[in-house]
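# Tertiary structure, described
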Amino acid sequence: MKIASWNVNSLNVRLPHLEQWLGAFAPDVVGIQETKLEDHKFPDTALAGLGYRSVFAGQKTYNGVAILARGRAIDDIQLGIPGFEDEQKRVIAATIDGVRIVNLYVVNGQDVGTDKYAYKLRWLEAVHDWIASELQAHPKLVVLGDFNIAPDARDVHDPEVWNDDHILTSTAERDALRRLQSLGLHDAFRLHSDEAGVFSWWDYRQAAFRRNLGLRIDLTLVSDALRDAAVGSGIDQEPRTWERPSDHAPAWVRLAG
DNA sequence: ATGGTGGGATGCCCA
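Residue numbers restart at each chain and count upward from 1, following the sequence in its written direction. All chains are assigned letters beginning with A, and all ligands numbers beginning with 1, in the order in which they are written. The predicted nature of this model means local features are confined to residues of pLDDT at least 70 and side-chain atom pairs, given and counted, to a pLDDT of 80 or more, with totals for whole chains, interfaces and linings taken over all residues. Note: side-chain values were computed over all heavy atoms of the structure, leaving out hydrogens and water.

The next thing to look at is the UniProt feature "site: Interaction with DNA substrate" (unreviewed entry) in chain A. Here the UniProt-annotated "site: Interaction with DNA substrate" (unreviewed entry) positions come out as His 248. Put simply, DSSP marks the helices as runs of H or I at least four residues long and the strands as runs of E at least two long, and each gets a number from the N terminus on. Within the secondary structure layout, His 248 lies in the loop between β13 (230-235) and β14 (251-255). Each residue gets one of three labels from its accessible area relative to the maximum for its type: buried under 20%, exposed over 50%, partly exposed in between, using a 1.4 Å probe on protein chains only. When its relative accessible area of 3% is taken as the criterion, His 248 is described as buried. In contact with His 248, not counting residues within four places along its chain, are Trp 6, Asn 7, Asp 146, Ser 200, Trp 201, Ile 217, Asp 218 and Arg 240. Here a polar contact is taken to be a pair of N or O atoms separated by no more than 3.5 Å, where protein atoms must pair a possible hydrogen donor with a possible acceptor and residues adjacent in sequence count only if both atoms sit in side chains. In terms of polar contacts, His 248 uses its side chain to reach the side chain of Asp 218, at 2.9 Å. UniProt positions are given in the numbering used here, feature names are shortened, and annotations may be inferred rather than shown by experiment. Note on contacts: a residue pair is in contact if any heavy atoms of the two residues lie within 4.5 Å.

Our next topic: the sheet that holds strand β12 (residues 218-223). On the basis of which strands lie adjacent, the open sheet formed by six strands has the order β5-β6-β7-β8-β12-β9 and mixed pairing. In this open sheet, the two strands that pair with only one neighbour each are β5 (75-79) and β9 (185-187). With direction set aside, neighbouring strand axes in the sheet form an average angle of 20 degrees. Taken together, the six bridges between strand β6 (residues 91-96) and strand β7 (residues 99-105) define a ladder with antiparallel strand orientation. Paired with Ile 92 across the strands is Asn 103, a residue of β7. Strands qualify as paired when DSSP identifies two bridges or more between them. Comment: axis = line fitted to C-alpha atoms, over the contacting stretch for helices; angle = value between 0 and 180 degrees taken between N-to-C directions.

Strand order in this open sheet of six strands is β3-β4-β2-β1-β14-β13, and the pairing throughout is mixed. Lying at the two open borders of the sheet, with one neighbouring strand each, are β3 (52-57) and β13. Ignoring which end each strand starts from, the neighbouring axes of this sheet average 15 degrees apart. Of the strand pairs in this sheet, β3 and strand β4 (residues 65-70) are connected by six bridges, and their pairing is antiparallel. If you follow Val 55 over to β4, its bridge partner there is Ile 67. Its contacts with the sheet put helix α1 (residues 11-25) on β1 (2-7), β2 (29-33), β3, β4 and β14, and the angle it makes with β1 is roughly 160 degrees.

Here a residue is considered near a molecule or strand provided that any single heavy atom belonging to it is located within 4 Å of it. Taken together, the neighbourhood of DNA strand B is formed by 16 residues, with Ser 10, Val 13, Thr 61, Lys 116 and Arg 205 sitting nearest. Among atoms of DNA strand B positioned within 4 Å of the protein, sugar and phosphate together represent 66%. Interatomic distance of 3.4 Å between a side-chain N/O atom of Asn 108 and a sugar or linking oxygen of DNA strand B. For DNA strand B, a phosphate oxygen lies 3.1 Å from a polar atom in the side chain of Arg 244. Considering each element in turn, the surface near DNA strand B owes the most residues, three residues, to α1. Of the residues in the surface near DNA strand B, the class split is four nonpolar, six polar and six charged. Three residue categories are used. Nonpolar comprises Ala, Val, Leu, Ile, Met, Phe, Trp, Tyr, Cys and Pro, charged comprises Asp, Glu, Lys and Arg, and polar comprises the others, including Gly.

In structure tokens, the structure reads:
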């Protein structure tokens, strides 16, 4: 089973990209972030024509998440973090083929010390507590999404800029990610590679993609029970080369069986 | 250099 995460930065603009990529990459499950679409505008019919069922939670302009599954039922759908009041549509979870999928669009946080940064840390705390109970109920768990955190120095193009005091790499953000992983979640990419400079996001500005000035902030985390099943993981940078691309590339993990 | 590029409920906000 091939499971992927892609921040499309507006599904209105990127539906053709998603359709092309679904045909080329043929993922079994996809978590999508930043759809920026209200639910009545979600292109579920178009995606069904490609063989994908979809569940989604969206809003205008900002945020919006979805899970797609090819030829498989999508069960036990959860929208948002239970018990955590949040206007922003950033979380959707569902069970597919006995695997629990949690799709996160983690708060960006703007800058260290801002209100948005404080919201990011509160939000990550709530995710931690919820995932702890999800793991009890669903040992076969994949937590994927746009984490808006680069795990370590290998995951940034310039560690002097992206340092302990910078947004997306600050100590508190990385500590929150480590704490989440300490529940028993493994960065699938790092199960198979210690390579530096493999990124999933590049700023639209300054020709950053061409110069590979990026970050690896789109992650697929697999639970202890799935660790041995995770036989491959990577980032498909091809869609980032297309016309009018998302600023993110899809991250993926392959589960055996 | 507080810039720069892109999406959208556009003349501003968010990433």
